[in-house]
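Structural characterization, general
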Amino acid sequence: MSTVDKPAAPRSLAEALRGQDDAALAALLRSRPDLITPVPTDLTQLATRAGTRASVVRALERLDRFALQTAEALAVAADPAPYKELLGLMTGDEGDRTVAEALPHALATLREQALAWGPDNRLRLVRTARELLSPSPQHPSPTGLGPTVQEATAGMSPGRIQEIVTTAGLTSTHDAVSAVTALTTLFKDRKRMTALLADAPEESLEVLRRLVWGPPYGQVTADPAPRLRWLLDRGLLLPTAPGTVVLPREVALRLRDGRAHRVTEPLPPLIEPSGTHRPQVVDGTAAGQAYTALATVEELLKDWDEGGPTVLRAGGLSVRDLKRTAVALDVTEPVAAFWVELAYAAGLIAADGEAEERYAATPAYDEWLEQPAGRRWAQLAQAWLAATRTAGLVGGRDAKDRTLSALGPGLDRSAAPEVRHRVLDLLAELPEGAAPSAESVLARLRWERPLRAPQIDDDLRTRLARWTVAEAEQLGITGRGALSAHGRALIGAPVAKPAADEPSGPGDKLPVHHKHLRAPAREPLTSAEQAVAAATAARLLAPLLPEPLDHVLLQADLTAVAPGPLERPLADMLGVLADVESKGGATVYRFTPGSVRRALDAGRSASDLHGFLTAHSRTPVPQPLAYLIDDVARRHGHLRIGAASAYVRCDDDAMLNEILADKRAAALHLRRLAPTVLAAQADPATLLEGLRAMGFAPAAESAEGDVLIARAHAHRTPPRTAPEPVPDGPPAPDATLLTAAIRAIRAGDLASTTPRKQTPVANGSLPRTGSAETLATMQAAVLTGEALWIGYVNAEGSASQRVIAPIRVEGGFVTAYDHTADEVRTYPLHRITGVSELADD
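Conventions and cut-offs
- Residues numbered from 1 in each chain as written.
- Predicted model: local features only at pLDDT ≥ 70, side-chain atom pairs only at ≥ 80, totals over all residues.
- Heavy atoms only, no water.
- Salt bridge = Lys/Arg side-chain N within 4 Å of Asp/Glu carboxyl O.
- Helix = DSSP H or I, 4+ residues; strand = E, 2+ residues; numbered from the N terminus.
- Buried < 20%, exposed > 50% of the residue type's maximum accessible area, 1.4 Å probe, protein only.
- Pairing = 2+ DSSP bridges.
- Contact = heavy atoms within 4.5 Å.
- Phe/Tyr/Trp six-rings, centres within 6.5 Å; stacked < 30°, edge-to-face > 60°.
- Lys NZ or Arg CZ within 6 Å of the ring centre and 35° of its normal.
- Axes fitted to C-alpha atoms, helices over the stretch in contact; angles between N-to-C directions.
- Nonpolar A, V, L, I, M, F, W, Y, C, P; charged D, E, K, R; others polar.
- Arc of directions from axis to C-beta.
- Polar contact = N/O pair within 3.5 Å; in protein donor to acceptor, adjacent residues only side chain to side chain.
- 1 Å grid on protein atoms, 1.4 Å probe; cavity = no way out; pocket = protein on both sides within 12 Å on 5 of 7 lines; lining within 4 Å.
- Points joined across faces, edges and corners; volume = space filled by probe spheres on them.

**Considerations on the pattern of salt bridges**
Taken as a whole, this structure holds 38 salt bridges when the rule is applied. The partner of Arg 597 in a salt bridge is Asp 601, and the shortest N-O contact between them spans 3.8 Å. On the criterion of helical spacing, the pair formed by Arg 597 and Asp 601 is a turn pair, its members being 4 residues apart in helix H27 (residues 593-601). A salt bridge links Arg 808 to Glu 810; its shortest N-O distance comes to 3.2 Å. Via salt bridges that share partners, Arg 160, Glu 163, Arg 229 and Asp 233 belong to a single interconnected network.

See below:
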């Protein structure tokens, strides 16, 4: 193509966007979803929105370190800058092959996100991005470079400029502009700069070394030292304010050998494995943790089955209730907060909404219990992945110095889901069985989001990553630090089949072949893909979980040992009949008079209990346990409690005499009404507890004299939905929305840029014609089939311009094909401000 045939370089970002195809626009709107809310009317509005400060800051925050360094280099380059200048700033005078190979990809990223535009010979950074990244005294550039010679000498007297030019060995000029140009050319010339610096005192060179990588500003007195005076006289330092000097950008670049950054990082840091294990070991360890996770959540909900802790006035759990929950689960308080928040995120617990509000299980918990173990785990894991509530913040302070409580407000962090997915994606990039070092993962995350993750250990993104690693291990997504097979399936990563020659020894090491990867985080899974991923993860995990047992081992010391997880009916009944003494690989239950009485209160008879133990024990029922059950059953219900306020009824008057004589009964205010009846001022529940504390085994009875069966009341909240995650900005548009939005933007751009014939009254942005002329032009267009440009004001008073092809004009309406909306519409003629024919071309 000849020079004449080459298309002109775009003069604005809007023109650059206008020259892109639909795929490029879709990529822009997908990477910057804030630009599509609401849908821009045309490409000019899209370009304007892409240049707003909030949108540019958000886009810069999502750049990786090398793409950001490329943008920073463009900000200190000429405007516009040729690609050769940008390459020189990134590679330096000596060149860097790795940087040179990576630079086109970084530049393409900036163009794709509408942060840079223009052909390679005229590269431009969006004005807002240039303002954010360019050096200034208030906001130093991340490159450490200062202003140019031209910018630094803007307020300097022409005479002083001529003095500097002469002292630097240049010929004086007739004006300040040419003098500044000559000084700039000198500083950019390597050979002449080398000669100039060769005569510099060592003390002066030391000053330059301290300023060369930034910050470029320094302080001087009214009478500078000789080493500073030498630099000031030759323009190697220039005054910017009284007592302040700056190292000009051209001088710094010469001293840096042309590099904009001290260290250029074109490749992401390597993720170093800290250990490698056999995949079977990883999967088995993770499955054990997954089983523990399910058991812990069940235990938590069982503990809150009859109504959990009260809700604080400001929301959440009190510190005391969290401590009590931690003791009940036998974990630390931070871990207890994690399990509580996980159950809340999965929709298994919520506030009941009563006047005295308490936390309790939701109806979804009962549905969850009925699912197979693998599916129950997948539901928990998916809830954790998507949750923005962050349990690691519990116990910290908010912006108003208030303590953040579990289940309380202020725990949402919108970046949490992205960090969790990215950490797991990085683990999935390693070979199966390889566990990465935490520091290498953190270094990679800092490279991928440098503006969101400064080089400090306490930033939010770093803490989220550390919590992710720990929580994934607790939940059983990872095992021994490596991603499990069901963990890979959960995030949609491919699960490799075990190789035939896979090492089998526990100490065998798998070779780790890993190279730098530039691949960004994978696209989020759709709802359908998430369902498939969860089902696959559940299927892979199910064979690794222990099968529930239908038996226990009874022992002579009034204990029962469950050598593994028990089937739910057996576990529920045993939980009533005995108390859990210890947990672990095997659970130990202890039978006590109180626990046996609890089973009798629940409506079981002594024969029921004997039959239950005989049916579910692999060992004979020990004689001490049989005696315990018979003894408690014999005394159970011998005393009857009813409402008088309350009364005690017993056929054995000697026992009633014993109760009256007991000093512990004084608080119950008992008095004899008959030989077999005592009345009390306490209510029946208090009377029951009081007599049980004295060692008796009373039973409650109804008004008809029947024994009341005391069953545990499972308190449930009304139906509740799981908390919605707080989005990190507008959601990414789907393919349907993108297609419709691009069509609307193209149509609107066509309407705003189509050439029109000038009309005598078309002075404003919309055509203006009289009603008669409008009607005549419309009728003529129906006959000729021509398209027209119209101005239109809708019922809300909003004005717009449209390109239409009239089809029919009647009854005060025009029916036309609207090119802007890409559909046939009908418009009232009285709302059309005017009409104009399109230009012939």
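**Examining the pairing of strand S21 (residues 788-793)**
The buried fraction of S21 amounts to 5 of the 6 residues, a majority that puts the element mostly inside the structure. Pairing of S21 with strand S22 (residues 799-810) involves 6 bridges; the strand directions are antiparallel. Paired with Tyr 792 across the bridge in S22 is Ser 800. What sits between the antiparallel neighbours S21 and S22 is a turn of 5 residues, in which Gly 797 has the positive phi angle 90°.

**Some remarks on the environment of Leu 68**
Position of Leu 68 among the secondary structure elements: in helix H5 (residues 65-76). Along the chain, Leu 68 and Pro 142 lie 74 residues apart, while their C-alpha atoms are 9.9 Å from each other. When sequence neighbours within four positions are dropped, the list of residues in contact with Leu 68 reads Leu 60, Leu 63, Pro 450 and Leu 451.

**Details of the packing of aromatic side chains**
Scanning the model with the defined rule gives 4 aromatic pairs in all. Each ring, one from Tyr 792 and one from Tyr 827, has its centre 4.9 Å from the other, and the planes form 70°; the classification is edge-to-face. Of this pair, Tyr 792 sits in strand S21 while Tyr 827 sits in strand S24 (residues 823-828), and the two are 35 residues apart along the sequence. Judged by its relative accessible area of 11%, Tyr 792 falls in the buried class. Here the basic side chain of Arg 376 rests over the ring of Trp 368, its NZ or CZ set 5.3 Å away from the ring centre.

**Details of the packing of helix H20 (residues 373-386) against helix H21 (residues 416-429)**
For the pair H20 and H21, interaxial distance at closest approach is 7 Å and the crossing angle is 115°. Along its contact with H20, which presents Trp 384, Leu 385 and Ala 386, the element H21 presents Pro 417, Arg 420, His 421 and Leu 424. Of the residues contributing to the contact of H20 with H21, the split by class is 5 nonpolar, 1 polar and 1 charged.

**Let's talk about helix H17 (residues 319-329)**
Those residues of H17 that sit buried are Asp 321, Leu 322, Thr 325, Ala 326 and Leu 329. When H17 is viewed along its axis, its buried side chains cluster within an angular range of 140° and face the same direction. Facing away from the buried side of H17 by over 90 degrees, the exposed positions are Val 319, Arg 320 and Val 327. For H17, the elements touching its buried residues are helix H16 (279-303) and helix H18 (333-345).

**Considering the side chain of Thr 478**
Looking at where Thr 478 falls in the secondary structure, it is placed in strand S10 (residues 478-479). Engagement of the side chain of Thr 478 in a polar contact is seen with the side chain of Glu 473, the distance being 2.6 Å. Beyond its immediate sequence surroundings of up to four residues, Thr 478 is in contact with Ala 286, Leu 427, Ala 472, Glu 473, Leu 483 and Ser 484.

**Quick look at empty space enclosed by the protein**
Inspection of the entire model under this criterion finds 2 cavities of 30 Å³ or more. Volume-wise, the largest cavity comes out at about 80 Å³. Looking at the largest cavity, the residues that line it are Phe 338, Glu 341, Leu 342, Ala 345, Trp 384, Ala 387, Arg 389, Ala 391, Arg 420 and Glu 471. When residues in the lining of the largest cavity are grouped by element, the largest group, 4 residues, is from H18.

**Some words on the sheet that holds strand S3 (residues 217-219)**
The 3 strands are arranged S3-S5-S4 in an open sheet whose pairing can be described as antiparallel. Two strands lie at the open edges of the sheet, namely S3 and strand S4 (238-241), each paired on one side alone. Sheet twist, expressed as the average angle between the axes of neighbouring strands with direction ignored, equals 40°. For S4 and strand S5 (residues 244-246), the ladder comprises 3 bridges, and the chain directions are antiparallel. Looking at the pairing, Pro 239 lines up with Val 245 of S5.

No statement about biological role is implied by the geometric values presented.
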